[in-house]
Amino acid sequence: MSRVERLTLAHPGGETSLWAGFGALQAAAPALTAWLEGRLVFVVTTPRVWGLHGSRLEAALAGARRAEVLEIAEGEAAKTLATAGELWQRMALAGGKRDSRLIAFGGGSACDVGGFVAACFTRGIEVAQVPTTLLAQVDAAIGGKTGVDLPAAKNLVGAFHHPRYVVADTSVLATLPPEEVRSGLAEVVKMGFLLDPALFAAVEEHLSSLLARDPEQLGPVVAAAARAKIAVVELDPTEQDQRRLLNFGHTLGHALETAAGYLGLRHGEAVAWGMLFALRLSLARGLDQGAARRLAALIARLGLPPLPAFEVDELLTLMARDKKAKESGLTWVLAERLGQGRMVEGIAEEEIRAELAAFLASPGKLFGLPL
């Protein structure tokens, strides 16, 4: 089995210790046990995750004064202000204090809402992220971005609140459905293409094994994706500059998720479609055709579900509400070359409208791919 890698993310409030690989929960257990010793611990999770993997936390929770399991809905349905309010109320009634602890135990939505609840309860309690999906292990659990959705836009309300620990144990990925693995790999592809060509090439080479949840391949990929994200977050912890590169594919991707009512398109799937659209804008600004074709071909191999029918005007409106937008307009994250991205402002709405209409009519036409 793949070995566990220990990583550290330094941020203005201190540092996050991260374990990634097969058996990471066992490797992190001594540190988690000491952190939870004598504390009231809140575990924000879903019924499915707790039923499948709750026993994996037993060793870490053994020394806690008390553990309260707070179950939330599965998926994006949990990321609401109503859910956050219910959790805060339950924590208050259970006797939660400023030195209580919270563990976000689940996929990206549990990590997002759990982190947000921790950021705001008594103005901030310490949190550990224990992600149980590939997408959460390589993205949502790392970097301190927390939040919930509004009907108007995804992740529009949130806070930066870095976890004390992140434990990305790839052994839990064995229970993931194939669609969730694909969704997580889309985020890995994004980070590889813009930040780490070696990671991108590894996914190209081992995609079949990764889709099959091969632990020998998943461990190094999760660790490499985590290292790539850590490097960017340490340079720009509050997303003022270079961290925005991690949003490649997200401007349209988030709009697609919102237009679909947060149903029918998983986050990674929407991001993959968003990357294909961003390639169109990137090619018009000098991206090499060969690099663009490699990314498009790899995305095609993921086997995305068909892109639902959307209206251009609706997507333009939703993109204008994107949380990364400024009053001066949208900043697009585009690819300059394999391993390098850039932020581009001032793209005319007429160009976006024309490219979006062409893209929605035939997403894969530009590359001759069956998308």
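Keep in mind that what you see is a predicted model, and the values were worked out from it rather than measured. (Residues numbered from 1 in each chain as written. Predicted model: local features only at pLDDT ≥ 70, side-chain atom pairs only at ≥ 80, totals over all residues. Heavy atoms only, no water.)

Turning our eyes to something else, we now look at unusual backbone geometry. At Asn155, a position not held by glycine, the phi torsion is positive, near 55 degrees. Looking at where Asn155 falls in the secondary structure, it is placed in strand E8 (residues 153-160). One non-glycine residue, Glu239, adopts positive backbone phi at about 55 degrees. Mapping Glu239 onto the fold places it in the loop between helix H9 (215-235) and helix H10 (250-259). For Glu239, a relative accessible area of 15% translates into the label buried. (Helix = DSSP H or I, 4+ residues; strand = E, 2+ residues; numbered from the N terminus. Buried < 20%, exposed > 50% of the residue type's maximum accessible area, 1.4 Å probe, protein only.)

Our next topic: empty space enclosed by the protein. Tallying each qualifying case throughout the model produces three cavities of 30 Å³ or more. By volume, the largest cavity amounts to about 60 Å³. Lining the largest cavity are ten residues, with Ala153, Lys154, His254, Leu318 and Asp322 sitting closest to its centre. Secondary-structure elements contributing two or more residues to the lining of the largest cavity are E8, H10 and helix H13 (312-320). It is H10 that provides the largest number of residues to the lining of the largest cavity, a total of four residues. Residue composition of the lining of the largest cavity, grouped by class: four nonpolar, three polar and three charged. (1 Å grid on protein atoms, 1.4 Å probe; cavity = no way out; pocket = protein on both sides within 12 Å on 5 of 7 lines; lining within 4 Å. Points joined across faces, edges and corners; volume = space filled by probe spheres on them. Nonpolar A, V, L, I, M, F, W, Y, C, P; charged D, E, K, R; others polar.)

Turning our eyes to something else, we now look at the pairing of E8. The sheet contact formed by strand E7 (residues 145-150) and E8 spans five bridges and is antiparallel. Along E8, the bridge assignment pairs Leu150 with Ala153. Between E7 and E8, which pair antiparallel in sequence order, lie two residues. (Pairing = 2+ DSSP bridges.)

Our focus in this paragraph is helix H5 (residues 108-120). Over its 13 residues, H5 runs 18 Å from end to end, which matches the ideal 18 Å to within 8%, given 1.5 Å per residue. Of all 13 residues in H5, twelve are buried, a share of seventy percent or more. Listed in full, the buried residues belonging to H5 are Gly108, Ser109, Ala110, Cys111, Asp112, Val113, Gly114, Gly115, Phe116, Val117, Ala118 and Ala119. Backbone geometry just after H5 places Thr122 at a positive phi near 45 degrees. (Expected span 1.5 Å × (residues − 1).)

On to the environment of Ala292, then. Positionally, Ala292 belongs in helix H12 (residues 289-302). As a C-alpha pair, Ala292 and Gly108 span 184 residues in sequence and 28 Å in three-dimensional space. Apart from the residues within four sequence positions on either side, Ala292 is in contact with Leu279, Leu283, Leu287 and Phe367. (Contact = heavy atoms within 4.5 Å.)

Let's shift gears to the environment of Phe310. Considering the arrangement of structural elements, one finds Phe310 in the loop between H12 and H13. For the pair formed by Phe310 and Arg353, sequence separation is 43 residues and the distance between their alpha carbons is 13 Å.

Our next topic: the pairing of strand E2 (residues 14-21). With six of eight residues buried, E2 is to be regarded as a mostly interior element. As defined by bridge partners, strand E1 (residues 5-11) adjoins E2 across seven bridges and the pair is classed as antiparallel. Bridge pairing links Arg6 to Trp19 in E2. Alignment of E2 against strand E9 (residues 165-169), held across five bridges, turns out to be parallel. The residue bridging Gly21 from the neighbouring strand is Asp169, located in E9.

Moving on: the packing of helix H7 (residues 178-195) against H12. Direction vectors running N to C along H7 and H12 enclose 170 degrees, while the axes themselves pass 10 Å from each other. One way to sum up the angle between H7 and H12 is to call them roughly antiparallel. Counting all contacts with H7, which are made through Arg182, Leu185, Ala186, Val189 and Phe193, the residues of H12 involved are Ala291, Leu295, Leu298 and Leu302. (Axes fitted to C-alpha atoms, helices over the stretch in contact; angles between N-to-C directions. Parallel < 35°, antiparallel > 145°, perpendicular 65-115°, else oblique.)

By themselves, these are just geometric observations and shouldn't be taken as functional.
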